[in-house]
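Examination of the molecular architecture
For reference, the chains in residue letters:
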Amino acid sequence: MTAAENPEDDDALFVLTAAMLTPGQFPGVLGDDYPAACAELGLEPLADGYGLVFGQDGGGARWTVATTDTATVACALAAWDCGLEYDLAPDENSLAASLPGWPLPVAVAVPGIPAPHDPTDEGGRVPLSPPDTSVWGPPQRRLGADEIAVRWFEWRDQLDVPTEAAQEAAEDASRDTDTGTDAGTVTDAGTAVGTGTEAEPHNPAAPPAISHTGIRRVLESAEEYVRNPPPPGRVRAAYGAVRADGPGWSLVGRTDDIAFVLLDDAPGEVLPVGRGAALPPLLEALSKLAAAPS
């Protein structure tokens with residue numbers, strides 16, 4: 001956190017945290033893609049993007065400052081991630097906007113000044129605010145996908161869906177036995193058959209079972225992204241995962257594992273998508289798309 005030299009100066013900004021707003025990295029809660037996220041903040045979608053600085057003024061009011069000095073913000077985030085101190089103070093010449101409120105929840109506050117609150121008399125602009133998590137909609141769906149990307153292994157551990165290596169080992173073991181049961185089977189499009197459950201006979205002509213009818217629409221939309229690249233940020237890398245968003249849906253997956261889908265019309269649900277035969281090449285193609293220059 002950066003502290004102003006004079007705590008009584010209402011114009012000073014006490015920096016609490018920051019985030020990137022670039023084609024490859026931005027808070028998903030702001031939009032399905034980079035241009036939409038910029039529009040949410042009233043910013044022009046610059047090719048090099050922005051850094052977002054969240055802080056309080058001397059009176060305790062919340063502010064979000066957008067700066068074109070992305071390198072400085074990126075350095076601060078890297079230092080903070082390593083537990084190091086970094087005095088984040090972007091040059092005033094790089095400031096693109098100063099917006100009332102915070103679009104994301106910020107868990108810390110500046111000691112010695114009033115509690116965080118929205119500023120008043122800001123020319124009629126409604127202060128930014130985090131999404132209401134008691135309801136479900138596009139912002140909450142994207143916020144959930146962000147959380148899964150950050151805490152992938154915690155979410156992954158809640159499911160008894162085998163990884164690729166475990167799945168191959170189970171298939172090898174099943175070939176060596178005559179029991180007629182599997183140790184766990186994952187369909188192409190998303191449901192796991194638990195341990196000890198008798199699997200249905202394989203029928204190549206039959207469509208794979210799915211845990212929600214919307215999953216197939218998501219996979220088809222993601223495949224269309226591979227054929228026709230979408231706006232910047234619709235597909236991006238996030239914490240070792242590949243992330244894709246579209247109207248009404250979000251997908252988070254890892255190329256060596258499964259994927260999760262969130263849907264606007266499935267409030268609060270996190271839907272697993274098993275690897276099968278179709279998911280691995282799709283995730284690989286999306287990963288390459290995410291790595292391609294915008």
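Conventions used here
Residues numbered from 1 in each chain as written. Predicted model: local features only at pLDDT ≥ 70, side-chain atom pairs only at ≥ 80, totals over all residues. Heavy atoms only, no water. pLDDT = per-residue confidence, 0-100. Contact = heavy atoms within 4.5 Å. Pairing = 2+ DSSP bridges. Helix = DSSP H or I, 4+ residues; strand = E, 2+ residues; numbered from the N terminus. Axes fitted to C-alpha atoms, helices over the stretch in contact; angles between N-to-C directions. Phe/Tyr/Trp six-rings, centres within 6.5 Å; stacked < 30°, edge-to-face > 60°. Buried < 20%, exposed > 50% of the residue type's maximum accessible area, 1.4 Å probe, protein only. Lys NZ or Arg CZ within 6 Å of the ring centre and 35° of its normal.

Of all residues in the chain, 78% have pLDDT values of 70 or greater, and the mean over the chain is 82. Predicted confidence is poor over residues 163–209, with pLDDT under 50, and the contacts of this stretch with residues over four places away or in other chains come to 58 contacts.

So, on to the sheet that holds strand β1 (residues 13–21). The sheet built from 4 strands is open, its strands ordered β1-β2-β3-β4 with antiparallel pairing. Of all strands in the sheet, those with a lone pairing partner are β1 and β4 (95–100), marking the two edges. This sheet shows a mean twist of 25 degrees between the axes of neighbouring strands, independent of strand direction. As paired elements, strand β2 (residues 50–57) and strand β3 (residues 62–67) share 6 bridges and run antiparallel to each other. Bridged to Leu52 within β3 is Ala66. Those strands touched by helix α2 (residues 70–81) are β1, β2 and β3, and its axis lies near 100 degrees from that of β1.

We now examine the packing of aromatic side chains. Summed over the entire model, instances satisfying the criterion amount to 2 aromatic pairs. Pairing Trp152 with Phe260 gives two aromatic rings, centres 5.1 Å apart and planes at 65 degrees, and the pair type is edge-to-face. You can see Trp152 sitting in helix α4 (residues 152–156) and its partner Phe260 sitting in strand β10 (residues 259–263), a full 108 residues away along the chain. Per residue, the accessibility class of Trp152 equals that of Phe260, and both read buried. A cation over an aromatic ring shows up here: Arg236 above the ring of Phe26, its NZ or CZ 4.0 Å from the ring centre.

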